[in-house]
Structures are given as structure tokens and as C-alpha cells.
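Architecture at a glance
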Amino acid sequence: MKTIGLISDTHGYLDEAVFKHFESCDEIWHAGDFGTIEIADQLNAFKPLRGVYGNIDGQDIRSQYPEHLRFNCEELKVWITHIGGYPGRYSPGIREEIHRNPPGLFITGHSHILKVIYDKKISCLHLNPGAAGKQGWHKVRTLLRFCISGEKIYNLDVIELANR
């Protein structure tokens, strides 16, 4: 079993509370818009980090993190991308691929809106952790934390950091 801390849209701001909330995590996954390479470096120094670049990220981040990241965690197929939409409204560049080769867990950022939606059509859980940074239209900064064992996701926690 692995415990995952999921964060997105930090936009150059990393709340110190993230380290407390992710202390029990085996890995941190960042769904894009780090804002600065220093954010990625701080998270990676704390726990193993997987991430993708977002639309605001510069070449320094894009050279280290891909646009799409597909991998297995335990036996669960995971796909992380920054701009991907959500069930019923997948982005045009995602729609065909996600139906042809669906993951068990599809993670996006970008919207700054926390979402947990199960797509029955493709048997896939969609997660968007909302935004952990201070820039954007969200009112509350959020994170997600969950466990993966085999192909199953357990103990999904929504963490509210503070108001933007």
C-alpha cells in the first residue's frame, strides 16, 4: 500500500502546512502549474515527486516534467496531465485516448476546482486536487491525500489549507 499526497496549481507558492499534511505520504504527485522550479525542488527534497508541467510553467520545469505522465502505482494505471477535463467533458486532445486506453485513475489540475468524479463508462476515477497556491479564482486552497493498494483507492482525504 502507498500513501499519495496530491497537489496542483501552486503557482509559485508552497504553504508550509503541505509538509505536515503529506508527512505520512510515500510520494507526492503534482498536477502542474508549479510556478517555479524551487517548488518542485522543495517537494522532491521532502518526498519522491512525480509531476507534469502546466500551462504557466517555464522551460526549466518543462525540461524536467512531461505534459502527460502515465505509470502504474501498485497495480493501478495512473494518468496525470494538467489540462485534461473531467468525465463528460474531457479535453479534445484527451477524449479519444482516454476512451481507447483508460487508466484506473485520471488526475488533472488547471481548473482550480477540487473534483472527485467516477466515470462509469470507462471505470476510471477522476481527481483534481483544486489549487494549493494563492493565485486564481478559487476561494479555498486544497490538497488531496489517499492510499492505493492493488488497483483500489482508499482513505481519500480532502484537505483545506486556508482561504486564498
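In what follows, the structure referred to is the one given above.
Right, let's walk through the structure included here. (Residues numbered from 1 in each chain as written. Predicted model: local features only at pLDDT ≥ 70, side-chain atom pairs only at ≥ 80, totals over all residues. Heavy atoms only, no water.)

**Structural notes on the environment of isoleucine 61**
For clarity, the cut-off: Numbering goes from the N terminus for both helices and strands, where a helix is a DSSP run of H or I of at least four residues and a strand is a run of E of at least two. The contact definition used throughout considers only heavy atoms, calling two residues in contact when any of these lie within 4.5 Å.
As for its position among the elements, isoleucine 61 is in helix α3 (residues 59-62). On a C-alpha basis, the gap between isoleucine 61 and arginine 89 in space is 27 Å, while along the polypeptide they are 28 residues apart. Residue contacts for isoleucine 61: discarding those within four places in its chain leaves Phe34, Gly35, Thr36, Ile37 and Tyr53.

**Focus: the pattern of salt bridges**
Condition: Any Lys or Arg side-chain nitrogen found within 4 Å of a carboxyl oxygen on Asp or Glu counts as a salt bridge. Summary of the burial criterion: residues with accessible area below 20% of their type's maximum are buried, those above 50% are exposed, and those between are partly exposed, where the area comes from a 1.4 Å probe applied to protein chains only.
Per the counting criterion, the structure on display carries seven salt bridges. Across the salt bridge formed by arginine 50 and glutamate 27, the nearest N and O atoms sit 2.9 Å from each other. Here arginine 50, found in strand β3 (residues 49-51), pairs with glutamate 27, found in strand β2 (residues 27-30); they are 23 residues apart in sequence, far enough to count as distant. Residue classification places glutamate 27 among the buried residues on the basis of a relative accessible area of 7%. In this structure, arginine 145 engages aspartate 157 in a salt bridge whose closest nitrogen and oxygen atoms are separated by 3.3 Å. In this pair, arginine 145 sits in strand β11 (residues 140-149) while aspartate 157 sits in strand β12 (residues 152-163), placing the two residues twelve residues apart along the sequence.

**Description of the pairing of β12**
Stated precisely, the cut-off is as follows: Strand pairing is assigned whenever DSSP detects at least two bridges linking the two strands.
Note that β11 and β12 share nine bridges and pair antiparallel. What sits directly across from isoleucine 148, in β12, is isoleucine 153. In textbook terms, the turn of a hairpin is the stretch between consecutive antiparallel strands, and for β11 and β12 this stretch comprises two residues, one of which, glycine 150, has a positive phi near 65°.

**Considering the sheet that holds β3**
For clarity, the threshold we go by: Angles shown run from 0 to 180 degrees and are taken between the N-to-C directions of axes, each axis being a line fitted to C-alpha atoms and, for helices, limited to the stretch in contact.
Read from one edge of the open sheet, five strands run β3-β2-β1-β11-β12, paired in mixed fashion. Pairing within the sheet leaves two strands with one partner each, and these edge strands are β3 and β12. In this sheet, adjacent strand axes meet at a mean angle of 20° when their direction is disregarded. Inspection of the sheet shows strand β1 (residues 2-7) paired to β11 by five bridges, in the antiparallel sense. Along β11, the bridge assignment pairs leucine 6 with leucine 144.

**So, the packing of aromatic side chains**
Our working rule: Two rings belonging to Phe, Tyr or Trp (six-membered ring only in the last case) form a pair when the distance between their centres is within 6.5 Å. Interplanar angles under 30 degrees mark stacking, angles over 60 mark edge-to-face geometry, and anything in between is tilted. For a ring to carry a charge above it, either NZ of a lysine or CZ of an arginine must fall within 6 Å of the ring centroid while also lying within 35 degrees of the normal to the ring plane.
Counted by the stated rule, this structure contains six aromatic pairs. Centre to centre, the rings of tryptophan 29 and phenylalanine 146 are 5.9 Å apart; their planes meet at 70°, and the pair counts as edge-to-face. Of this pair, tryptophan 29 sits in strand β2 while phenylalanine 146 sits in strand β11, and the two are 117 residues apart along the sequence. The burial state of tryptophan 29 is the same as that of phenylalanine 146; both residues are buried. Centre to centre, the rings of tyrosine 90 and phenylalanine 106 are 5.8 Å apart; their planes meet at 70°, and the pair counts as edge-to-face. Of the two residues, tyrosine 90 sits in strand β7 (residues 89-90) while phenylalanine 106 sits in strand β8 (residues 105-107), which places them 16 residues apart along the sequence. For the pair shown, tyrosine 90 and phenylalanine 106 are each scored as buried. Aromatic ring contacts, followed pair by pair, group Trp29, Phe71 and Phe146 into a single cluster. For the cation-ring pair, lysine 47 lies above phenylalanine 46, with the distance from its terminal atom to the ring centre recorded as 5.4 Å. The positively charged end of arginine 50 is found above the aromatic ring belonging to phenylalanine 71, 4.0 Å away from the centroid.

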